[in-house]
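# Analysis of the macromolecular model
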Amino acid sequence: LPLLLEVTLPRLGSSSHPFYNGFYYNNIMNDKGNGQEKDYFNGAKLVVETPRDPIYSSSGANVTLPCHYRYEPDLEAKRKIRIKWSKLRDDYTKEQDVLVAIGKTSVAFGDFRGRAQLLQAGTRQASLVVSDVRLQDDGKYRCEVIDGLEDESGVVELQLQGIVFPYQPPHGQYRLNFHEAERVCQDQGAILATFHQLFQAWSEGLDWCNAGWLADGTVQYPIRLPRKPCGGLHLAPGIRSYGPRHRHLHRFDAFCFSSALRGEVFYLERPEGMTLEEAKQSCQDAGAEIARVGHLYSAWKFLGLDRCDAGWLADGSVRYPIIKPRANCGPEEPGVRSFGFPSKGRFGVFCYKER
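Before going into details, it helps to say that this report is about the structure given with it. Predicted, not measured: the structure shown is a model, and the values here were computed from it. Per chain, the residues get numbers from 1 upward, laid out in the order the sequence is written. Given that the model is predicted, a residue must reach a pLDDT of at least 70 before its local features are reported, and side-chain atom pairs must reach 80 or more before they are shown or counted; all residues, however, enter totals for whole chains, interfaces and linings. The side-chain quantities take in all heavy atoms of the structure and omit both hydrogens and water.

## With respect to the environment of Asp 216
The residue Asp 216 is located in the loop between strand E16 (212-213) and strand E17 (218-223) in this model. Relative accessibility decides the category of a residue: with a 1.4 Å probe and only protein chains considered, values under 20% of the type maximum give buried, values over 50% give exposed, and everything between is partly exposed. What makes Asp 216 partly exposed here is its relative accessible area of 25%. Separated by 127 residues in the primary sequence, Asp 216 and Arg 89 place their C-alpha atoms 8.9 Å from one another. By the criterion applied in these results, polar contacts are pairs of N or O atoms within 3.5 Å in which, for protein atoms, one can donate a hydrogen and the other can accept it, and in which residues neighboring in sequence qualify only through two side-chain atoms. Polar side-chain contacts of Asp 216 include one of 2.6 Å to the side chain of Thr 218. Helix and strand assignments follow DSSP, with helices taken as H or I runs no shorter than four residues and strands as E runs no shorter than two, numbered in order from the N terminus.

Here you go:
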């Protein structure tokens with residue numbers, strides 16, 4: 001091995017930094033004292049440990065992604081360890097850089113600037129602390145520890161507690177290309193759902209026969225009760241998939257994902273009802289904003305909102321949430337009921353106010 005290092009290292013770039021993999025490796029003089037450098041092996045195996053089970057959190061919270069390292073046999077590190085965190089993408093394209101740290105110096109990148117830092121507690125600690133968790137933070141993260149030529153990593157999965165809901169715009173079914181689907185979910189206080197999130201929703205009872213975009217550019221839909229219009233009676237329950245579709249040309253609905261709220265949803269009414277514009281103004285007068293569809297679904301699931309009165313939402317739809325089904329409040333199953341997008345009519349309104 002020493003002979004191999006002597007032969008190969010001088011051929012690899014500059015003499016001061018022979019390798020670059022997001023970090024520069026330290027070098028020491030070789031044992032012949034001839035001025036040439038070689039990378040240093042400490043003779044111990046580097047081990048990185050991350051939890052097997054997902055870490056659960058919700059929008060707006062702070063979360064710690066555990067990661068620790070050690071040596072076999074045990075020894076004290078003789079130099080500063082490099083730590084790199086990155087987020088794995090669902091479509092297996094290039095990883096997203098989150099944070100790089102050398103010693104006590106660290107740099108966070110992109111949307112993680114000001115929100116990501118290493119946990120400053122204990123030795124051999126590489127855990128990542130993310131504050132003000134956002135919907136798009138859901139996913140898998142790689143914790144990479146580098147000590148010279150030793151480079152080991154582990155993966156931590158962050159799952160946001162949330163809800164998936166299907167969405168059609170006011171102009172009807174199958175009108176959204178992928179980019180429009182992304183925008184309408186964002187407009188409703190949500191993001192496009194991942195396959196994992198849709199699968200979780202299916203396992204909790206979601207059954208929807210209209211195909212919708214997911215975050216990876218595929219089009220799928222969840223079926224609990226097989227039936228002829230939804231893939232046929234011969235297919236088992238599950239997630240039906242159209243596979244990847246053209247993101248500009250093909251048009252479907254959207255499956256959106258929203259997490260727990262940082263505020264509350266409440267209902268306002270008038271005896272004579274309100275138009276959409278009057279509803280928006282009523283929420284503003286109450287120090288709030290008219291609720292979005294994602295707000296209503298989240299309040300229904302996480303706050304137990306149950307109201308058998310139809311109310312305006314920000315997209316011009318009229319809906320109401322039912323926890324305990326009862327007479328004159330729609331079907332026998334819990335859910336968010338929809339009256340569509342009425343061009344006329346007077347209703348109450350659901351408002352949203354952050355804490």
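Having put the structure on the table, let's press on.
## Here we look at the sheet that holds strand E11 (residues 128-130)
The pairing criterion is simple: DSSP has to find at least two bridges between the two strands. Overall, antiparallel pairing links the three strands, which are arranged E5-E11-E10 in an open sheet. A single partner strand is all that each edge strand has here, and the edge strands are strand E5 (63-65) and strand E10 (116-118). Neighbour-to-neighbour, the strand axes of the sheet open up by a mean angle of 25°, direction not taken into account. When E5 meets E11, the two strands line up antiparallel, connected through three bridges. Within E11, the position partnered with Thr 64 by the bridge is Val 129. Only C-alpha atoms enter the line fits that serve as axes; for helices the fit covers just the stretch in contact. Angles between N-to-C directions range over 0 to 180 degrees.

## Topic: the sheet that holds strand E13 (residues 150-160)
Here we have six strands laid out as an open sheet, ordered E4-E13-E12-E7-E8-E9, and mixed in their pairing. Here the strands that pair on one side only, and so sit at the sheet edges, are strand E4 (55-57) and strand E9 (105-108). With direction set aside, neighbouring strand axes in the sheet form an average angle of 20°. Summarising the sheet, strand E7 (residues 82-88) and strand E12 (residues 139-147) pair through seven bridges and their orientation is antiparallel. From the neighbouring strand, Trp 85 faces E12, where its bridge partner is Cys 143.

## Re the pattern of salt bridges
What counts as a salt bridge is simple: a side-chain nitrogen of Lys or Arg found within 4 Å of a carboxyl oxygen of Asp or Glu. Evaluation of the coordinates by the stated rule reveals 15 salt bridges. Across the salt bridge formed by Asp 97 and Lys 84, the nearest N and O atoms sit 3.7 Å from each other. One end of the pair, Asp 97, is in strand E8 (residues 96-102); the other, Lys 84, is in strand E7, and 13 residues separate them in sequence. Residue Lys 280 pairs with Glu 277 through a salt bridge whose shortest N-O separation is 3.7 Å. Of this pair, Lys 280 and Glu 277 both sit in helix H4 (residues 276-285), three residues apart, which is roughly one turn of the helix. It is possible to trace a salt-bridge network through shared partners that takes in Glu 49, Arg 70 and Glu 72.

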